[in-house]
Amino acid sequence: MRLRKCTVYAVTAVALILVNPLNAHHSQRPFYDYSQWVEIEGTVNRFNFGNPHPVLYLQVTEPDGETVEWKLLFPPASVLMRRGWTAEQFVPGDIVTARGHPSRRSGTHGMARLTITRSDGTVAFGGGGGASSEE
Amino acid sequence: MIKISRSSRIAAAAFLLFLATPYADSTLKAQSRATAAETPDIDGIWFRSDGGCTPDGVTCPFVVAELPLKARTLGFREAFDEPLAPKYDCVPSVVPSLVADPYKFQIEQLADRVVITYEKDDVIRTVWMEGHGNPQPKVGDFYQQGHSRGWYEENQLVVETTKFTFDPVGLDDMSNLPSSTSKKVTERYWRDGELMTVEVTTVDPLFLNAPIQFTWSFESSDEPLYLPYGCDPELSKEALEFLPPKYEDPDLVRITVSPYGEQPRD
């Protein structure tokens, strides 16, 4: 009975992590265009792991050959630490693919509701179409 | 050496007792007000399993259109630009919004005070319990988190907070609703089986036509708080560049409010 209760709690907790946005710092929709999806591949410049949003700085080469830096915002570090994340989750030189909703302001390079996949195919963050990774 | 007669000593002692009597009386009254049977056991760490307020195109905990807002409140919100919100400088949110944040918090019930520690923004609130001679704010004393006094009644912890500073997002930091120094927030905490329920009522005659209220329940947690939160102002501001500007020329706002009386450009 005890095990069953724990299992229910665990399943509920995982489900909540998957379906719920995890930050109340500010509303996301004014910042990101939820009607659009983008996918990029880039090299990690640095990963600033802190509150209220950790940020992954990704160097990306655009189709026209220009190199730009994308900023990918995550849920609060205090939430991610409960999942075992550390400041070494991403290190400079890592190659990752990111999919999500692009930032609204023209000329900026941001993304929300992320799914991030490493070069070996493992999902580093998100999954399920990005619904798990809303900031 | 000065000699004091026995009768003078007795008179002095009687005078001191006379002075102390009102304090002793109020202390006894306050203590009798909170008998053990009336004190809920809410000591521990609490969280909302549904995540609490989370921004996904809806406002929370309030639906702005349903709030009894004064015209000046709507005008303020209309003019307010998101980057001006104090949270982007890591200024913590305040009640009532603080209660609705999707982070854990800890309640410690001590004899003369209740301490509430929030994981979000490292906020620590001290609720000064009545009847213990705790400090009282003076006229002109205002605090970002206000001054909280508390008491127990009918198995509830009642927390009344006043003396807030003006806060541009002090009524609701998700919807950018302001609060004044007249804001009063009353929180009532009680146990409901395994749950703890909180009823939060806010009045602010400067910005509200009537009280606003929400009631939420929380579950207890065995996990510790992850502290310090250590809000990083650099990280806090990173998303602002993604937001389309509200005003055509953001510099216009700065010039308009210049203390030198400059006029906006044509």
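Model, not experiment: these values are computed from the prediction.

Visitor: Would you explain the overall build of chain A in this entry?
Guide: Helix and strand counts for chain A stand at two helices and six strands. Its helices and strands taken in sequence order, chain A reads α-β-β-β-α-β-β-β from the N to the C terminus. Burial status across chain A gives 49% buried among its 135 residues. Restricting to contacts in chain A with at least 6 residues of sequence separation, those with at least 24 account for 54%. Carbon together with sulfur atoms contributes 54% to the accessible area of chain A, which is approximately 6400 Å² in total.

Visitor: Please explain the state of the cysteines as it appears in this structure.
Guide: Should the sulfur atoms of two cysteines be covalently bonded, the bond is a disulfide. All names here are of chain B. Tallying each qualifying case throughout the model produces one disulfide over all chains. Across a sulfur-sulfur distance of 2.1 Å, cysteine 90 and cysteine 231 are joined as a disulfide pair. When the S-S torsion is -70 degrees, as for the bridge of cysteine 90 with cysteine 231, the disulfide is left-handed. Residue cysteine 90 is located in the loop between helix H2 (71–79) and helix H3 (97–100), and its partner cysteine 231 is located in the loop between strand S11 (212–221) and helix H4 (233–237); the two are separated by 141 residues in the primary sequence.

Visitor: Help me out: how do you make sense of the pattern of salt bridges in this one?
Guide: A side chain of one charge can pair with a side chain of the opposite charge when the charged atoms of the two come close. Applying the stated criterion across every chain, the model contains 17 salt bridges over all chains. Here glutamate 234 of chain B ties to arginine 46 of chain A by a salt bridge, and the two come within 3.2 Å at their closest N and O atoms. Of this pair, glutamate 234 of chain B sits in helix H4 while arginine 46 of chain A sits in strand S1 (residues 38–48), on two different chains. Look at arginine 46 of chain A and you get partly exposed, because its relative accessible area is 39%. Glutamate 82 of chain B serves as the salt-bridge partner of lysine 87 of chain B, at 4.0 Å between the closest nitrogen and oxygen.

Visitor: Teacher, can you tell me more about the interface of chain A and chain B here?
Guide: Where interface size is quoted, it is often the accessible area lost as the parts come together. The interface of chain A with chain B comprises 36 residues on the first partner and 35 residues on the second. Interface area for chain A against chain B, summed over the two sides, is near 3100 Å², with a carbon-plus-sulfur share of 57%. The set of elements that each furnish at least two residues to the side of chain A that touches chain B consists of S1, strand S2 (55–61), strand S3 (67–73), helix H2 (77–81) and strand S5 (110–118) of chain A. For the side of chain A that touches chain B, a count of residues per class yields 13 nonpolar, 15 polar and eight charged.

Visitor: What exactly am I supposed to notice about the confidence of the model for chain B here?
Guide: Regions with low pLDDT carry predicted coordinates that are not meant to be interpreted in detail. Residues and elements named next belong to chain B. Confidence in the prediction for chain B averages 85 pLDDT; 76% of positions are at 70 or higher. Every residue in residues 17–33 is under pLDDT 50, and counting partners more than four places away or in other chains gives ten contacts. Across the assembled chains, the prediction reports ipTM 0.78 with pTM 0.79.

Visitor: Just checking my understanding: could you explain the packing of aromatic side chains for this structure?
Guide: All names here are of chain A. Inspection of the entire model under this criterion finds 18 aromatic pairs over all chains. Here the aromatic rings of phenylalanine 74 and phenylalanine 125 are separated by 5.0 Å at their centres, their planes lie at 75 degrees, and the arrangement is edge-to-face. Here the residue phenylalanine 74 occupies a position in the loop between S3 and H2, and phenylalanine 125 occupies one in strand S6 (residues 123–125), the gap between them amounting to 51 residues. Exposure remark for phenylalanine 74: the relative accessible area of 0% places this residue in the buried category.

Visitor: Would you mind showing me how to read the side chain of aspartate 173 of chain B here?
Guide: When you line up the elements, aspartate 173 of chain B lands in the loop between strand S7 (167–172) and strand S8 (177–179). When neighbours within four sequence positions are excluded, aspartate 173 of chain B is seen to be in contact with Lys87, Ser93 and Ser97 of chain B.

Visitor: How do you make sense of the pairing of strand S4 (residues 124–129) of chain B when you look at a structure like this?
Guide: Here is the key point about a regular strand: its side chains alternate between the two faces of the sheet. Residue and element names in this part refer to chain B. Relative to S4, strand S3 (residues 113–118) runs antiparallel, the two being bridged by five bridges. Counted as the bridge partner of isoleucine 116 is arginine 125 from S4. Hairpin connection from S3 to S4: five residues lie between these consecutive antiparallel strands, with aspartate 121 at a positive phi of about 65 degrees. As judged from the three bridges shared by S4 and strand S5 (residues 147–153), these two strands associate in the parallel manner. Counterpart to valine 127 in the pairing with S5 is serine 148.

Visitor: Explanation requested: the side chain of lysine 104 of chain B in the structure shown.
Guide: Looking at the secondary structure, you find lysine 104 of chain B in the loop between H3 and strand S2 (105–109). Polar side-chain contacts of lysine 104 of chain B include one of 3.0 Å to the side chain of glutamate 223 of chain B. Ignoring sequence-local partners within four residues, the contact set of lysine 104 of chain B consists of Arg82 of chain A together with Ile45, Trp46, Phe47, Thr117, Tyr118, Glu119, Ser221, Glu223 and Leu225 of chain B.

Visitor: Can you walk me through the nonpolar core in this structure?
Guide: The tendency in soluble globular proteins is for nonpolar side chains to be buried side by side. Residues and elements named next belong to chain B. In terms of nonpolar packing, the biggest core is built from 37 residues, with Ile107, Tyr189 and Met196 touching the most fellow members. Taken together, the elements giving at least two residues each to this core come down to H3, S2, S3, S4, strand S6 (156–162), strand S9 (184–192), strand S10 (195–203) and S11. For this core, the element with the highest residue contribution is S11, accounting for four residues.

Visitor: Looking at this structure, how should I read the pairing of S11 of chain B?
Guide: Residues and elements named next belong to chain B. Across three bridges, strand S1 (residues 44–47) lies against S11 in antiparallel orientation. Note that in S11 the partner of tryptophan 46 across the bridge is serine 220. Both S10 and S11 contribute to a ladder of eight bridges, which runs antiparallel. Along S11, the bridge assignment pairs threonine 197 with serine 217.

Visitor: Just to check I follow, could you spell out the environment of cysteine 231 of chain B for this structure?
Guide: Taking the relative accessible area as the measure of exposure, cysteine 231 of chain B reaches 18% and is therefore buried. Taking the C-alpha atoms as reference points, cysteine 231 of chain B and proline 92 of chain B, separated by 139 residues in sequence, lie 9.2 Å from one another. When sequence neighbours within four positions are dropped, the list of residues in contact with cysteine 231 of chain B reads Asn51 and Pro52 of chain A together with Cys90, Asp121 and Ser236 of chain B.

Visitor: What is the right way to look at unusual backbone geometry in this model?
Guide: For the bond from asparagine 51 of chain A to proline 52 of chain A, the omega torsion is 5 degrees, close enough to zero to count as cis. Looking at the element boundaries, proline 52 of chain A is found in the loop between S1 and S2. Even without glycine at this site, glutamate 154 of chain B takes up a positive phi of about 50 degrees.

Criteria and thresholds
- Residues numbered from 1 in each chain as written.
- Chains lettered and ligands numbered in written order.
- Predicted model: local features only at pLDDT ≥ 70, side-chain atom pairs only at ≥ 80, totals over all residues.
- Heavy atoms only, no water.
- Helix = DSSP H or I, 4+ residues; strand = E, 2+ residues; numbered from the N terminus.
- Buried < 20%, exposed > 50% of the residue type's maximum accessible area, 1.4 Å probe, protein only.
- Contact = heavy atoms within 4.5 Å.
- Areas by Shrake-Rupley, 256 points an atom, 1.4 Å probe, with all protein chains shown as cover.
- Disulfide = S-S within 2.5 Å.
- Salt bridge = Lys/Arg side-chain N within 4 Å of Asp/Glu carboxyl O.
- Buried area = accessible area lost by both parts, 1.4 Å probe.
- Nonpolar A, V, L, I, M, F, W, Y, C, P; charged D, E, K, R; others polar.
- pLDDT = per-residue confidence, 0-100.
- Phe/Tyr/Trp six-rings, centres within 6.5 Å; stacked < 30°, edge-to-face > 60°.
- Pairing = 2+ DSSP bridges.
- Polar contact = N/O pair within 3.5 Å; in protein donor to acceptor, adjacent residues only side chain to side chain.
- Core = buried A, V, L, I, M, F, W, Y, C linked by side-chain atoms within 4.5 Å.

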